[in-house]
Amino acid sequence: MSYVVWFKDITKDSIGVAGGKGANLGEMFRLGLPIPPGFVVTAQTYKEFIEKTGLKNKIEQLLYSLDVENNEQLQRVADEIQRLIISTPIPEAMTEEIMDNYDLLGLDRKSQVDNLLQAKKVFVAVRSSATAEDLPEASFAGQQATFLNVRGREKVAAAVLACWASLFTARAIYYRVKNKFAHMNVYISAVVQKMVNASQSGIMFTINPSTNAENEIVIEAIYGLGEFIVGGEVNPNMYIVDKNTREIRKVEVRRQDYGLFRNTQGENEKRTIPVEMQVRQVLNEKQILEYARLGKKIEEHYGKPQDIEWAVEDNRDLYIVQSRAVTTFKKQVGEERAGVQEEAGKIILKGETASAGVYSGRVRIVHNPLELGKIEKGDILVTTMTTPDMVPAMQRAGAIVTNEGGMTCHAAIVSREMGIPCIVGTEHATEVLKDDEIITVHASRGVIYEGKMEIKTEEKYVQQQAVSGEGLMTATEIKVIMDLPDLAERTAATGADGVGLVRLEIMIANGGIHPAEYIRKGKDQDYITLLKEGVRKIAKAFTHKPVWIRCSDMRSDEYRNLKGGEQEPHETDPMIGWHGIRRLLDEQKILRAELLAVAELHNEGYKNVGIMIPFVIRVEELRKAKAIMRDCGLEPCRDVDFGVMIETPAACWIIEELCKEGMSFVSFGTNDLTQLTLGIDRNNERIAKLFDEMHPAVLGELAKVIKVCRKYNVKTSICGQAGSRLEMAEFLVHQGVDSISANADAVGEIRKIVAKTEKKWLLDAERKGLERRG
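Residues numbered from 1 in each chain as written. Predicted model: local features only at pLDDT ≥ 70, side-chain atom pairs only at ≥ 80, totals over all residues. Heavy atoms only, no water.

Chemist: Give me helix H1 (residues 15–30): which residues, what numbers.
Modeler: The end-to-end C-alpha distance of H1, which contains 16 residues, comes to just 15 Å, noticeably less than the 22 Å that a straight helix rising 1.5 Å per residue would cover. At Lys 21, H1 shows its largest kink, close to 85°. Those residues of H1 lying buried are Ala 18, Gly 19, Gly 20, Lys 21, Gly 22, Ala 23, Asn 24, Leu 25, Gly 26, Glu 27 and Met 28. Immediately beyond the C-terminal end of H1, within one or two residues, lies Gly 32, with a positive phi of roughly 85°. (Helix = DSSP H or I, 4+ residues; strand = E, 2+ residues; numbered from the N terminus. Expected span 1.5 Å × (residues − 1). Bend = angle between axes of the 7 residues up to and from the residue. Buried < 20%, exposed > 50% of the residue type's maximum accessible area, 1.4 Å probe, protein only.)

In structure tokens:
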């Protein structure tokens, strides 16, 4: 018998010979898809090996009385079977045929096939392929071994033997028992395939696994080899393509500092990605659309949604490495958990990465604010959406999972500052997950695994990610957004030039009492003390650097869980309702208490604390707020920095009048400004895709305000989430903005972009000057 079959001779019906993975590769090869060449050491070769060497009987005896629920016994038996197989030599006839076919992979097309001496020792991947693998009713994916960058005749033969042994890992044994597969009826082939020296790689689903949308193709992409996707060490780019129109619906570019690459010795080594590539798309638009086309073709051929691995060589040659059915896809969410089997474990939900990290723990589902008390320290908070009055519970949580989506939703913003792993946009988390269930939140990948998983994680948060811009000097100041006083010292370690936005609402939520309730009960000083204690920590951590405090901007629907919050009015649209400076002037005791807190801190020596008023639409609002500041003992703009938030189109149009009234600075709140300019609720999933701070109308407003403020020597800053977008940072520098406030984890990257932009601007100006002089 022949022990080896090449891809060209294999079809999708060859599972009994080549296993599920091998059959798929052969089928796709015959379809003319870009499959790297290779062959399969057949399942019958494995069967003959265990029978002729007497291993079959020994394996059966070891498995006979095994209790797979006894973890210790299961692991011991699995180890013993694998040792037996690896220590048993492959018969010579099998070995020679495997080696000779490996040599054929190394021949140039012009070489004579019968002259194997000319063959190069190419790198190959040797992958296990079980005969029950990837059947519609089973998912064996990831249970057996894969060996990459194997080179040399003897090493290939040894890798084949190791693949055979991997049929008896503890996980594989357990799975077969639970799914009633007889051990001796499942055979294993070994796929030997020429390695792609990947410059980029990733996975592709021909359905959206997080939403079950059948009309969407989801592509995840990283630099280098794909192992860092499986291990969660790199947060991949994500592209969503409409399967029918081939329109790219969504592009999420996530920073990638490093990748795994093959060196000349065939070893995988971790390399730093060049700075200019770290925040670029890993795949360009042409490559994305080509992979989407290939994915759709594969799905149409098999008639089922596919989970596809791909790789690009030299950023030029596109390959499909393997494909299998998405075996756990269900059209009705709720009947069973939607997900895919992967090497790291069973994925039960997918969403968007809001704050990276990995955490395993107990689920606590919160359907309404009254249930917040059940969140204990270390629990995983699962909810439909978070609100500002949930912050204390969020601080107790070990991880956060929400149905709400978008990088500017409340959960995303707060979790990034807290450094808590967070996944947003899961849509069905509160339906699929159950109280007290143990799960692993792999926020770096945006996936949730069943049970507790041991996964190597990225180092956390501020200091590692921020140092990338350390030591750079920029004319544009780079500040941070800072809400949590207890994180002030760690955030200050980013080297930021100050704090461009402190939101008092987080401190208020931690106090548990609505500001209006303090006033109603005559406890104004308690409110002042609460604010002073929080702001003092931030001001102290950022000594000699400006710390700008925004007066409270409490919308009537966001803080009902606070004591006294039940008395808040019910408004048809709180986003454009009674909040910001319009409310503070109606309830001046609240505003006075907040300004007194700043004045008392100044008297303590914290003169770096400034104040800004939110949601301004009239000059009179600024004038009246300044008058109250004077009553508190500080002259605005002389004794204390005093500014306004630019969050409304009205503020943009009256900017000259505001400057003439007198103020120290303005700060753009781009979330609200974009919503109000474009008429889009960014929390409405139907239209959230239209929310874009880079819309020409928004950019025009920013440019106008900066130009007028420069005329009146009023400093300009941005403190919205858009400040962390690189393209926005470049635009603002060109316009002459004085400072940019970013999330703490983006400070270093923004500083590098700003430095690069400023340098280019100066060089361009110098060139123009030389041209004029010439």
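Chemist: Can you explain the packing of helix H4 (residues 71–86) against helix H7 (residues 170–178)? Please cite residues and give values.
Modeler: Where H4 meets H7, the closest approach of the two axes is 8 Å, and the angle between their N-to-C directions is 115°. It follows from the interaxial angle that H4 and H7 lie roughly perpendicular. As for the relative orientation of H4 and H7, their crossing is right-handed in sense. Contacts between H4 and H7 involve Leu 74, Gln 75 and Ala 78 on the former and, on the latter, Ala 170, Ile 173 and Tyr 174. Here the contact of H4 with H7 is built from residues that sort into five nonpolar, one polar and no charged. (Axes fitted to C-alpha atoms, helices over the stretch in contact; angles between N-to-C directions. Parallel < 35°, antiparallel > 145°, perpendicular 65-115°, else oblique. Left-handed = near helix turned anticlockwise from the far one by under 90°. Contact = heavy atoms within 4.5 Å. Nonpolar A, V, L, I, M, F, W, Y, C, P; charged D, E, K, R; others polar.)

Chemist: Quick rundown of the packing of aromatic side chains? Include the residues and the values.
Modeler: A full pass over the atoms with the stated rule returns eight aromatic pairs. Stacked on the ring of Phe 168, the Lys or Arg Arg 176 has its end atom at 5.2 Å from the ring centre. (Phe/Tyr/Trp six-rings, centres within 6.5 Å; stacked < 30°, edge-to-face > 60°. Lys NZ or Arg CZ within 6 Å of the ring centre and 35° of its normal.)

Chemist: Let's hear about the side chain of Thr 716: which residues, and what values?
Modeler: Among the secondary structure elements, Thr 716 is positioned in strand E29 (residues 715–718). Overall, Thr 716 belongs to the buried group, its relative accessible area being 0%. The contact partners of Thr 716, leaving out residues within four places of it in the chain, are Val 666, Ile 706, Cys 709, Gly 736, Val 737, Asp 738 and Ser 739.

Chemist: Quick one: what's the story with the sheet that holds strand E6 (residues 198–205), residue by residue and with numbers?
Modeler: Spatial ordering of the open sheet is given by E9-E8-E7-E6-E12-E13, a layout of six strands whose pairing is antiparallel. Edge positions in the open sheet fall to strand E9 (248–252) and strand E13 (317–325), since each of these has one partner strand only. Strand-to-strand twist of the sheet, defined as the mean angle between neighbouring strand axes without regard to direction, takes the value 20°. Across seven bridges, E6 lies against strand E12 (residues 306–313) in antiparallel orientation. Looking at the pairing, Ile 203 lines up with Glu 309 of E12. (Pairing = 2+ DSSP bridges.)

Chemist: I'd love a proper account of H4, names of residues and values included.
Modeler: For an α-helix, the turn length of 3.6 residues means that residues three or four places apart are oriented alike. With 16 residues, H4 should cover 22 Å at 1.5 Å per step; its first-to-last C-alpha distance of 23 Å lies within 8% of that length. All of the buried residues along H4 are Gln 73, Leu 74, Val 77, Ala 78, Ile 81, Gln 82, Leu 84 and Ile 85. Summarising the axial view, the buried residues of H4 lie within an arc of 160°, below the 170-degree limit, and thus occupy one face. In this structure, H4 carries Asn 71, Glu 72 and Arg 76 as exposed residues pointing more than 90 degrees from its buried face. (Arc of directions from axis to C-beta.)

Chemist: Could you give me a rundown of the environment of Ala 650, with the residues and numbers involved?
Modeler: Mapping Ala 650 onto the fold places it in helix H22 (residues 649–653). Among the residues examined, Ala 650 registers a relative accessible area of 28% and is labelled partly exposed.

Chemist: Can you explain unusual backbone geometry? Please cite residues and give values.
Modeler: One non-glycine residue, Asn 149, lies in the positive phi region at around 55°. Take Asn 149: it is sitting in strand E4 (residues 146–150). One non-glycine residue, Arg 246, lies in positive phi territory at about 60°. As for its position among the elements, Arg 246 is in the loop between strand E8 (237–242) and E9.

These results come straight from atomic positions and should not be treated as a statement about function.
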